[in-house]
Amino acid sequence: MTPADFLPPALGPQRTFALVAGVERYDISHRWNLRGPARDALRFARWLTGPAEVPPGNVRLLLSPLDEPGDLDWTDAPAMTALRTAYRPATEENVKSALLDELPQCDGDLLWIFWAGHGYLGPRQELMLPCADARPSQIRHLNLDSALRWWRTDLVKQRRFPLQAALVDSCRVDAPRDTRWNFGNTDYGGGSSVPGRRQFRLYASREGEVAQNDAERGAGRFTEALLGELGGRSVRESVSGLPGAALSIHRTFQELRERGEGWQLPQFIVDRDWDACSFLEDEPSRSVLPRAARLDQAAWDGLGELFEGRELPRCAYEAYAWAFKAAGCTTPAHGGLPGDNLLEVVQDLDERQGGRGGMPLAVPFVRFLADRVAAGGDAPWADRLGDWVRATRSRLDLPVLPPPPPPARRTVVHVRLETPPGGEAGFLARIWLRGERVRHIWESEGPPIALDRVREELVRQLALIGGASEPDGVAGAGRRAYTVVDRVEFHVPYELLDIDFDQWPVPRGPAGRRRALGLLHQVVVRCPQERTDTRAEWHGTWRWLHAQGGRHPDAVRVVTDDEVTDALGMELAAQPPPACVLGHTTAAPHAGLLEAVLEGGLPVAVWRRGGGLPAPALLDLLAPAGPDGRPDPGALDVLDLPARVREVRRAAAGAAAGAARAAGGSLRADQPLSGGDQLVLLWDDPDDMPGLRSLT
């Protein structure tokens, strides 16, 4: 506690002023929007004008909420009613006007700055807080470090505001270093420093960390803890008790971290009380991180040999996520892997350590790799990984690990079509079945065959697979094994990519009922023979997508008509993201879009068959809604698109059947449908390529 005689004698509600800002909606992109900061700002304002009894006229409230302002919880109190009338949008102009023009002219002892929203660190590690009018060409923002330097100078009259407290509930991650992130160079200057002016800063996270936000409850974890500490305190009690409250918040988050239930850790920018003395000196043990074991030198030496020359395996993100679960920890808020190679991933895990059981996170990560590598057929490397896990567990006396989950088993039918080398009408065809192993089950013989003949054979093979006996050499041979085919993949020439394979009728149920193939199974098209010149980009983008766990803000790109140019393919090939293109074009996809997708090495694309703008737009159909209720491409799991597209097809079929019944008619089960189900999904998995040899 700060001695009461240190505080200005007149300090009280009338001499307390505040800037309170909550930014949820950003002009730069709906992908930036997040739910919670406006509510947090209102709750802080409610404490200021309630228990702290600060007059509403002393508070500059800036809000840019996702919801209509009237839908927010203003609370039925005269002070909040006044703020509801006086609040302004959280634009850069309003922020600078309030913080650098209006508040410095006020005669006060204490300034509160509370900010909730996004936060990024600039090249000089200054905290940049984007404003609501942030745009790609200029990310308008508050440079908080520069503003606090300005407030320490004589540009604020010397007798005013000897105490200043900044409380920030935001991330503190590095801003990406590319031209799309133009923060510019914001420095507010300043005069000469004023002796005796004290600042107290408390941030929700340390440099490089994400601050967690509970979108469902609309609350930041840091703000929740802060308001719990402030409770019903008065202005003088809150100021004198702020260092103690900060320590209590720090302990709360550290306990969450020790239990593996959270990774952010609030940071005191300076460990100084209002009287310039350290308030951490009497409790040095409080900064100790979780007590899980760290990898020793022998473990690192072994990993160096194990990982040398190894690319990130396809299962690396699954292994990373499972490591936290196995150690009883919460997965970090950010998505994707924290590095570009296996050693970087393990370094991240080792720095985080583990949960209450003392298990270093790196050990379950390697254990998961060993299991999946063994299932993939690389027995020598799997054995070496397993030996490392056993030796490390024994040397560090670690607890037993549960077995990793087995890989998801899918039954996939591959149908490959090739154009005859002599140019005859029809196609050469072959069908494979992939379950636990790959089996060739049928091939056309003699002259090329028509697509109708391919369809008939596919239907016959699906029926055989559904009730086939186990083959010789397999446990339970001769037993009936009723198998559900998850997916049908058509490997086709470029000119067949738009064919309506998903609409092929398949017998289903009594009385000759038929259903479209795409309603019963996931149906995708592939064109691997067009990948010869972009094989490196194709494989690299697929690996990048798996390293992100299928989700990333840049993984999906919506392409419109005016973007389909001769340069689009080279643009898409420039770097791994995007991995998926959604075609929002009026022209048929062969008029430039698919050429660009294949030239760019993208493994995934979705478009409407035959061209024409999809209604609703593909992003609306496929992506889950974000906090603002709009589709969020960053939340779309690209790796789950085959299943998601089938859901869309089934929903469209149900809607069409309902509309037909309402009109007094009926819809045949094999009748092609219009609307959202007329989707084509290009799904070229370079790791699953049966039958590379030409059929000719």
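Above this text you will find the structure in question.
Let me begin by describing the structure that accompanies this report.

What counts as what
Residues numbered from 1 in each chain as written. Predicted model: local features only at pLDDT ≥ 70, side-chain atom pairs only at ≥ 80, totals over all residues. Heavy atoms only, no water. Phe/Tyr/Trp six-rings, centres within 6.5 Å; stacked < 30°, edge-to-face > 60°. Helix = DSSP H or I, 4+ residues; strand = E, 2+ residues; numbered from the N terminus. Buried < 20%, exposed > 50% of the residue type's maximum accessible area, 1.4 Å probe, protein only. Pairing = 2+ DSSP bridges. Right-handed = clockwise from strand over helix to strand, strands pointing away. Salt bridge = Lys/Arg side-chain N within 4 Å of Asp/Glu carboxyl O. Axes fitted to C-alpha atoms, helices over the stretch in contact; angles between N-to-C directions. Parallel < 35°, antiparallel > 145°, perpendicular 65-115°, else oblique. Left-handed = near helix turned anticlockwise from the far one by under 90°. Contact = heavy atoms within 4.5 Å. Lys, Arg positive; Asp, Glu negative; His and termini not counted. Patch = residues over 30% accessible without salt bridge, like charges linked within 9 Å, V, L, I, M, F, W, Y side chains within 5 Å. Areas by Shrake-Rupley, 256 points an atom, 1.4 Å probe, with all protein chains shown as cover. Charge placed at Lys NZ, Arg CZ, Asp CG, Glu CD. Core = buried A, V, L, I, M, F, W, Y, C linked by side-chain atoms within 4.5 Å.

## Observations regarding the packing of aromatic side chains
Next, step 1: In the structure shown here, the tally under the stated rule is 17 aromatic pairs.
Next, step 2: With a centroid separation of 5.4 Å and an interplanar angle of 85°, the aromatic rings of W542 and W683 are classed as edge-to-face. One end of the pair, W542, is in helix α15 (residues 535-547); the other, W683, is in strand β25 (residues 679-683), with 141 residues separating them in the sequence.
Next, step 3: Judged by its relative accessible area of 0%, W542 falls in the buried class.

## Focus on the pairing of strand β18 (residues 487-491)
Next, step 1: Summarising burial for β18: 5 of the 5 residues are buried, a large majority.
Next, step 2: As paired elements, strand β13 (residues 412-418) and β18 share 5 bridges and run parallel to each other. Note that in β18 the partner of V412 across the bridge is R487.

## Considerations on the pairing of strand β22 (residues 556-560)
Next, step 1: Sheet analysis places β22 next to strand β23 (residues 580-584), joined by 5 bridges and oriented parallel. Considered in β23, the bridge of R557 is made with V581.
Next, step 2: With helix α16 (residues 568-573) bridging β22 and the parallel β23, this β-α-β connection has right-handed handedness.

## Overview of the pattern of salt bridges
Next, step 1: Scanning all chains against the criterion turns up 38 salt bridges.
Next, step 2: What emerges from the salt-bridge pattern is a single network uniting R487, E489, R526, R531 and D684.

## A word on the packing of helix α1 (residues 37-49) against helix α2 (residues 78-86)
Next, step 1: Relative orientation of the contacting elements α1 and α2 amounts to 130°, with a least axis distance of 9 Å. Comparing their axes, α2 and α1 come out oblique. The two elements α1 and α2 meet at a crossing, and its hand is right-handed. Contacts between α1 and α2 involve L42, A45, R46 and T49 from the former and A79, M80 and L83 from the latter.

## Focus: the side chain of E92
Next, step 1: Tracing the sequence through the fold places E92 in helix α3 (residues 92-102).
Next, step 2: An unpaired buried charge is present at E92: no salt bridge exists, and R140, the closest side chain of opposite charge, is 4.0 Å distant.
Next, step 3: Ignoring sequence-local partners within four residues, the contact set of E92 consists of C131, D133, R140 and H141.

## Section: unusual backbone geometry
Next, step 1: Here the amide bond leading from P577 into P578 is cis, since omega sits at 0°, within 30 degrees of zero.
Next, step 2: Relative to the elements of secondary structure, P578 occurs in the loop between α16 and β23.
Next, step 3: Although it is not a glycine, T75 sits at a positive phi angle of roughly 70°.
Next, step 4: With respect to the secondary-structure elements, T75 resides in the loop between β2 (59-64) and α2.
Next, step 5: Assessed through its relative accessible area of 34%, T75 is described here as partly exposed.

## Considerations on a positive patch on the surface
Next, step 1: Taken together, the side chains of R508, R513, R515 and R650 define a basic patch exposed on the protein surface.
Next, step 2: Structurally, R508 can be placed in the loop between β19 (505-507) and β20 (514-516).

## Notes on helix α5 (residues 221-230)
Next, step 1: By the burial criterion, the buried members of α5 are F222, T223, A225, L226, L227 and L230.
Next, step 2: One or two residues past the end of α5 sits G231, with phi positive at roughly 45°.

## A closer look at the sheet that holds strand β6 (residues 141-143)
Strands pair in a sheet through their backbones, by hydrogen bonds, and they do so in one of two ways: parallel or antiparallel.
Next, step 1: An order of β6-β5-β4-β8 is seen for the 4 strands of this open sheet, with the pairing classed as mixed. What marks the edges here is a single partner per strand, and that holds for β6 and β8 (173-174).
Next, step 2: Note that strand β4 (residues 120-121) and strand β5 (residues 127-130) share 2 bridges and pair antiparallel. Within β5, the position partnered with Y120 by the bridge is M128.

## So, the nonpolar core
Next, step 1: Counting residues in hydrophobic clusters, the biggest one holds 44 residues, and the most contacted among them are V413, V415, L417, L458, F490, L497 and L517.
Next, step 2: No other element matches helix α13 (residues 451-466), which puts 6 residues into this core.
Next, step 3: Every residue in contact with L458, bar those within four places of it in the chain, is listed here: V413, V415, I431, V488, F490, W504 and L517.
Next, step 4: If you look at the next biggest cluster of nonpolar residues, it comprises 42 residues, including W32, L62, Y120 and I139.

Just geometry here; none of it tells us what the structure is for.
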